[in-house]
Amino acid sequence: MAELQTVNVPPPQHVKVLGGQGWIGLVDQMGTETSIVNAARVSFGKMRSEMDEKDVKLLKYLVSNHHNTPLEHVVFTFLVHCPLFVRSQWHRHRTWSYNEISRRYTEVDLEFYVPPEIHAQADSDRQASVVAPEEMDQVALRAAIDAANQATLKAYEELLAAGVCREQARGVLSQNLMTTFWATVDLSNLIKFLELRDSPHAQWEIRQYAEAIKTLLKPSLPNVAAIMGW
């Protein structure tokens, strides 16, 4: 019988983000660029086994003109290790399928995120941050965040020791708690995700994951990557 391994171990194909605190791995892929052009050509009863120059032109036409249904025949599954607040932003994309580690069932491998760099609040946009001024003490502020994370962990452990159930005790844990989830999506909806989440308007942390996805997909989707400017 194969040995079970912890979910916090990334798969072989993965990219580290957030200064090494998070990562995203490619678990599985169904379909290739050839699948896309074959899906588009099925109307004519045609199919190819390999891409040629005409196929690349067709692919560019499909992507550039938002003919998205052929792209839905290519599907990816990722394993994501990220802070809870990034998870919450990610799950706003409801065309994805998700399964996540549950703190109702396990209290092992609890980790907390500490931002590698502290940002300041933007004056003109409540959703945005800006480069912190020099007078902000990065070391002290990061230490304060870490201390707050550890305080919630201590409260959690004390509740468990007192006999409180995991499903209630977990409520005291910080939004910086790292979580791990499976995420499956087709290429059409993945492109929409990347357009939104690798944007200057997106939070820095989730942009790190969007950029990592592009890195993971370039080897298997070189023409799509070139067309999209990845």
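Keep in mind that this is a model prediction, so the values were computed, not measured. (Residues numbered from 1 in each chain as written. Predicted model: local features only at pLDDT ≥ 70, side-chain atom pairs only at ≥ 80, totals over all residues. Heavy atoms only, no water.)

A. Representation of the overall build of the protein in the model. A count of helical and extended segments in the protein gives eight helices and seven strands. Its C-alpha atoms put the protein at 65 × 55 × 25 Å along the principal axes. The proportion of buried residues among the 230 residues of the protein is 40%. Long-range contacts, defined as pairs at least 24 residues apart, comprise 70% of the intrachain contacts of the protein with a sequence gap of at least 6. With an accessible surface of roughly 13,400 Å², the protein has 51% of that area assigned to carbon and sulfur atoms. Each charge class in the protein can be summarised by its mean position, and for the 22 positive and 27 negative side chains these summaries are 8 Å apart. (Helix = DSSP H or I, 4+ residues; strand = E, 2+ residues; numbered from the N terminus. Buried < 20%, exposed > 50% of the residue type's maximum accessible area, 1.4 Å probe, protein only. Contact = heavy atoms within 4.5 Å. Areas by Shrake-Rupley, 256 points an atom, 1.4 Å probe, with all protein chains shown as cover. Lys, Arg positive; Asp, Glu negative; His and termini not counted. Charge placed at Lys NZ, Arg CZ, Asp CG, Glu CD.)

B. Focus on the packing of aromatic side chains. In this structure the tally under the stated criterion is 10 aromatic pairs. Residues Phe78 and Trp96 carry aromatic rings whose centres are separated by 6.2 Å and whose planes lie at 35° to one another, so their mutual orientation is tilted. Placement of Phe78 in strand β3 (residues 75–83) and of Trp96 in the loop between α3 (84–90) and β4 (97–100) is noted, with a sequence separation of 18 residues between them. When the centroid spacing of 6.3 Å and the interplanar angle of 5° are considered together, the rings of Trp96 and Tyr98 count as stacked. When its relative accessible area of 22% is taken as the criterion, Tyr98 is described as partly exposed. Members of the aromatic cluster, connected to one another through ring pairs, are Phe76, Phe78, Trp90, Trp96, Tyr98, Phe181, Phe193 and Tyr209. (Phe/Tyr/Trp six-rings, centres within 6.5 Å; stacked < 30°, edge-to-face > 60°.)

C. View of the nonpolar core. Counting 42 residues, the largest nonpolar core has Phe78, Trp90, Leu190 and Ile213 as its most contacted members. In this structure Leu190 touches Phe76, Phe78, Trp96, Val185, Ile213 and Leu217, once residues within four positions along its chain are discounted. Of all hydrophobic cores here, the second largest spans eight residues; its members include Leu84, Phe112, Leu153 and Tyr156. (Core = buried A, V, L, I, M, F, W, Y, C linked by side-chain atoms within 4.5 Å.)

D. Seen up close, the environment of Ile206. In this fold, Ile206 is placed in helix α7 (residues 204–217). Since its relative accessible area comes to 0%, Ile206 is described here as buried. Separated by 69 residues in sequence, Ile206 and Asp137 have C-alpha atoms that sit 24 Å apart. Those residues in contact with Ile206 that lie beyond four places of it in its chain are Val86, Gln89, Trp90 and Arg197.

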